[in-house]
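Descriptive structure summary
Residues per chain are reported as follows:
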Amino acid sequence: MMMMNGHADKHRVAVIGSGNWGSVASRLIASNTAKLPDFHDEVRMWVFEETLPTGEKLSESINQAHENCKYLPGIKLGTNVIADPDLESTVKDADMLVFVTPHQFVEGICKKLVGKLRPGAEAISLIKGMEVKMEGPCMISKLIKDTLGINCCVLMGANIANEIAVEKFSEATIGYREDKQAANRWAKLFTTSYFLVAVVEDIEGVELCGTLKNVVAIAAGLVDGLDMGNNTKAAIMRIGLREMRAFSKLLFPSVRDNTFFESCGVADLITTCLGGRNRRVAEAFARNGGKRSFDELEAEMLHGQKLQGVSTAREVYEVLTHHGWQELFPLLSTVHEICIGQLPPTSIVEYSEHTPVLSLVGGSTPCY
Ligand SMILES: NC(=O)c1ccc[n+]([C@@H]2O[C@H](COP(=O)([O-])OP(=O)(O)OC[C@H]3O[C@@H](n4cnc5c(N)ncnc54)[C@H](O)[C@@H]3O)[C@@H](O)[C@H]2O)c1
Ligand SMILES: O=P(O)(O)OC[C@H](O)CO
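The paragraphs below set out a description of the structure included in this document. Counting from 1, residues in each chain are numbered in the order their sequence is written. The order in which chains are written sets their letters, starting at A; the order in which ligands are written sets their numbers, starting at 1. Owing to the predicted nature of the model, reporting of local features is limited to residues with pLDDT of at least 70; listing and counting of side-chain atom pairs is limited to 80 or more, with chain, interface and lining totals taken over all residues. Derived side-chain values reflect all non-hydrogen atoms in the structure, with water molecules and hydrogen atoms excluded from consideration.

Within the chain, the regular secondary structure consists of 14 helices and 12 strands. Only C-alpha atoms enter the radius of gyration, while the globule expectation follows 2.2 Å times N to the 0.38, with N the number of residues. For the chain, the C-alpha radius of gyration of 20 Å lies close to 21 Å, the compact-globule estimate for 368 residues. Whether two residues touch is decided by their heavy atoms; if any such pair falls within 4.5 Å, the residues are in contact. Taking the intrachain contacts of the chain between residues at least 6 apart in sequence as the baseline, contacts between residues at least 24 apart amount to 71%. Where accessible areas are quoted, they stem from the Shrake-Rupley method and a 1.4 Å probe; at the residue level, only the protein chains shown are allowed to cover. A total of about 15600 Å² of accessible surface is found on the chain, and carbon and sulfur atoms cover 51% of it. By the counting scheme adopted, Arg and Lys are positive, Glu and Asp are negative, and His together with the chain ends is not counted. Lys charges are placed at NZ, Arg charges at CZ, Asp charges at CG and Glu charges at CD. For the chain, the distance from the average position of its 37 positive side-chain charges to the average position of its 45 negative side-chain charges is 2 Å. Secondary structure follows DSSP: runs of H or I at least 4 residues long count as helices, runs of E at least 2 residues long count as strands, and numbering of each begins at the N terminus.

Time to look at the site of ligand 2. By convention in this text, a residue qualifies as near a molecule or strand provided that one of its non-hydrogen atoms is within 4 Å of it. If you check the shell around ligand 2, you find Lys128, Gly157, Ala158, Asn159, Ile160, Lys213, Asp268, Thr272, Gly276, Arg277 and Asn278 and nothing else. Between ligand 2 and Asp268 there is a distance of 2.6 Å, counted from an oxygen atom to a side-chain nitrogen or oxygen. Surface burial for ligand 2 is 91%, taken as the share of its 310 Å² of free accessible area covered by protein chains. Of the pockets mapped on this structure, ligand 2 occupies the largest pocket. Elements represented by at least two residues in the shell around ligand 2 include exactly helix 10 (263-275) and helix 11 (277-287). Under the convention adopted here, Pro, Cys and the residues Ala, Val, Leu, Ile, Met, Phe, Trp and Tyr are nonpolar, Asp, Glu, Lys and Arg are charged, and Gly plus all remaining residues are polar. Among the residues making up the shell around ligand 2, the classes are represented as 2 nonpolar, 5 polar and 4 charged. Two N or O atoms form a polar contact when they lie within 3.5 Å of each other; inside protein one atom must be a possible hydrogen donor and the other a possible acceptor, and for residues adjacent in sequence the pair counts only when both atoms belong to side chains. Cavities and pockets were defined on a 1 Å grid built over protein atoms only: a cavity is a set of grid points that admits a 1.4 Å probe from which the probe cannot escape, a pocket is an open set flanked by protein on both sides within 12 Å along at least five of seven lines, and lining residues are those with an atom within 4 Å of any such point. Those molecules having more than half of their atoms within 2 Å of a cavity or pocket grid point set are described as sitting in that cavity or pocket.

For the rest of this paragraph, the subject is the site of ligand 1. Around ligand 1, 24 residues are found, and the nearest of them are Asn20, Trp21, Asn159, Ala161 and Lys306. Within the backbone of Trp21, an N or O atom sits 3.0 Å from an oxygen atom of ligand 1. Between ligand 1 and Gln308 there is a distance of 3.0 Å, counted from an oxygen atom to a side-chain nitrogen or oxygen. At a threshold of 2 Å from the grid points, most atoms of ligand 1 map onto the largest pocket. Of all the elements, helix 1 (residues 20-33) adds the most residues to the shell around ligand 1, at 3 residues.

Turning to the pairing of strand 7 (residues 122-125), a few remarks are in order. Covered by surrounding structure in strand 7 are Glu122 and Ile124 together with Ala123 and Ser125, the residues of both alternating faces. The sheet contact formed by strand 6 (residues 96-99) and strand 7 spans 4 bridges and is parallel. Across the sheet, Leu97 pairs through a bridge with Ala123, a residue of strand 7. Note that the unit made of strand 6, helix 4 (residues 106-113) and strand 7 has a crossover that is right-handed. We call two strands paired when DSSP finds no fewer than two bridges between them. The pairing of strand 7 with strand 10 (residues 152-156) spans 3 bridges and is classified as parallel. Looking at strand 10, one finds that Ser125 is bridged to Val154. Only protein chains enter the accessibility calculation, which uses a 1.4 Å probe; a residue whose area is less than 20% of its type maximum is buried, one above 50% is exposed, and one in between is partly exposed. With the strands aimed away from the viewer, a crossover counts as right-handed if its path from the first strand over the helix to the second runs clockwise.

Moving on, we come to the pattern of salt bridges. In what follows, salt bridge is the name for a side-chain nitrogen of Lys or Arg lying within 4 Å of a carboxyl oxygen of Asp or Glu. Scanning all chains against the criterion turns up 25 salt bridges. Note that Arg177 and Glu204 form a salt bridge whose closest N and O atoms lie 2.6 Å from each other. Taken together, the positions of Arg177 in the loop between strand 11 (170-175) and helix 7 (180-190) and Glu204 in helix 8 (residues 203-225) put the pair 27 residues apart, joining distant regions of the chain. Using a relative accessible area of 35% as the deciding quantity, one classes Arg177 as partly exposed. Among the ionic contacts, a cluster of salt bridges with common partners joins Asp224, Asp227, Lys233, Arg279, Glu283 and Arg287.

Here we take up the environment of Glu243. Turning to its location among the elements, Glu243 is positioned in helix 9 (residues 230-251). Under the relative-accessibility criterion, Glu243 is labelled buried at 0%.

For the rest of this paragraph, the subject is helix 12 (residues 294-302). Taken together, the buried positions of helix 12 are Phe294, Leu297, Glu298 and Leu302. When helix 12 is viewed along its axis, its buried side chains cluster within an angular range of 105° and face the same direction. Across from the buried face of helix 12, at angles greater than 90 degrees, the exposed residues are Asp295 and Ala299. Residues of helix 12 that are buried sit in contact with helix 8, helix 11, helix 13 (309-323) and helix 14 (330-339). Positioned one or two residues after helix 12, His303 has a phi angle of 50°, which is positive. When we speak of the arc, we mean the arc of directions from the helix axis to the C-beta atoms.

Right, let's talk about the sheet that holds strand 11 for a bit. As summarised here, the arrangement of the 8 strands in space is 5-4-3-6-7-10-11-12, forming an open sheet in which the pairing is mixed. Bordering the open sheet on either side are strand 5 (81-84) and strand 12 (195-200), each of which pairs with just one other strand. Between one strand and the next, the sheet's axes are offset by a mean angle of 25°, whatever the strand orientation. Here strand 4 (residues 39-46) runs beside strand 5; their pairing, made up of 4 bridges, is parallel. Residue pairing across strands places Trp46 opposite Asp84, the latter belonging to strand 5. Axes here mean lines fitted to C-alpha atoms, for a helix over just the part in contact, with angles spanning 0 to 180 degrees between N-to-C directions.

Given below as structure tokens:
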């Protein structure tokens with residue numbers, strides 16, 4: 001809590017993003033800020049402005065109906081969620097910033113925010129994804145921290161937004177580096193009777209779990225589209241989890257095995273491979289024999305919502321090729337090669353000398 005004129009000031013929360021999870025996260029947070037004495041009631045939510053088919057602006061429609069009719073139809077957000085299409089005005093009074101946009105947009109957003117934040121502001125990222133720079137991979141929380149010079153935790157987990165919107169029980173994991181007090185403040189803001197948050201000191205592990213599971217979900221969707229059955233899908237999930245852990249530890253040796261048993265790890269992998277958007281669109285891709293692109297299917301099936309798995313597969317592949325690690329990560333590599341049409345969808349389970357996806361699974365590759 002900030003001190004102003006000798007009086008403790010209440011925390012003010014801004015949410016940067018208003019897609020499916022952005023809207024649900026705003027609703028969840030606003031239900032808490034309305035009750036908790038150390039937070040201002042109002043939650044300001046930045047909206048990437050668009051014009052609805054009715055001619056109305058999305059932000060105006062949200063403020064009038066208290067509902068995001070495009071990204072979360074049928075759910076009231078709470079009268080204390082205020083949609084704001086102006087990024088600067090969204091953040092100017094806030095000291096707690098929640099980043100929840102598709103990962104490809106966050107760098108541009110951060111650049112616009114430089115020099116615009118209130119002193120002492122801190123952040124949390126709910127964004128599942130990473131950027132690959134000349135210097136190597138950069139996690140989104142680090143991008144936020146380095147661009148804006150602020151502390152940034154992460155919150156990941158088995159969190160299909162539409163289920164949390166109707167208050168079905170979920171768990172989540174907050175990852176932090178060093179500042180446990182900040183992590184606990186975020187946990188207080190997010191915890192409800194139906195949303196249980198654990199806090200772990202392994203920011204890279206938590207964020208890589210949330211990021212990499214989207215690539216495995218594409219693989220799971222492909223085997224669904226090929227009607228391979230549950231055993232194959234379970235094998236894909238197991239191999240995927242091993243590769244997630246191995247890749248995370250190669251990039252960040254400090255990553256902890258236990259993190260993979262938190263909600264951000266195995267639980268998110270399971271829910272995404274059963275019920276996520278990446279899985280659904282990948283299933284359609286395989287059913288079409290790879291003849292319709294992911295971009296085309298995303299636009300047709302998701303109505304403005306964005307997949308993260310296809311671009312993350314490409315980003316992971318860049319890291320793998322840079323280090324010459326493709327053969328250590330047959331599943332992660334093959335997903336990208338299928339996404340770009342270099343291999344057919346059936347390669348996800350086919351043995352070949354070039355893509356030994358299922359042959360390596362029990363192998364004793366050192367980094368596993
Ligand atoms: N939806 C879920 O169930 C869920 C759950 C957990 C985590 N996540 C993660 O949360 C993050 C955000 O996903 P979401 O589901 O809230 O979004 P979404 O995919 O539902 O919506 C896309 C959003 O991107 C915005 N957008 C489009 N073009 C833009 C641009 N040029 N600049 C900025 N914004 C633009 C749209 O206005 C919309 O708000 C992702 O990293 C996702 O993996 C999603
Ligand atoms: O719908 P997806 O595939 O983007 O996954 C949503 C969430 O990340 C599940 O936790």
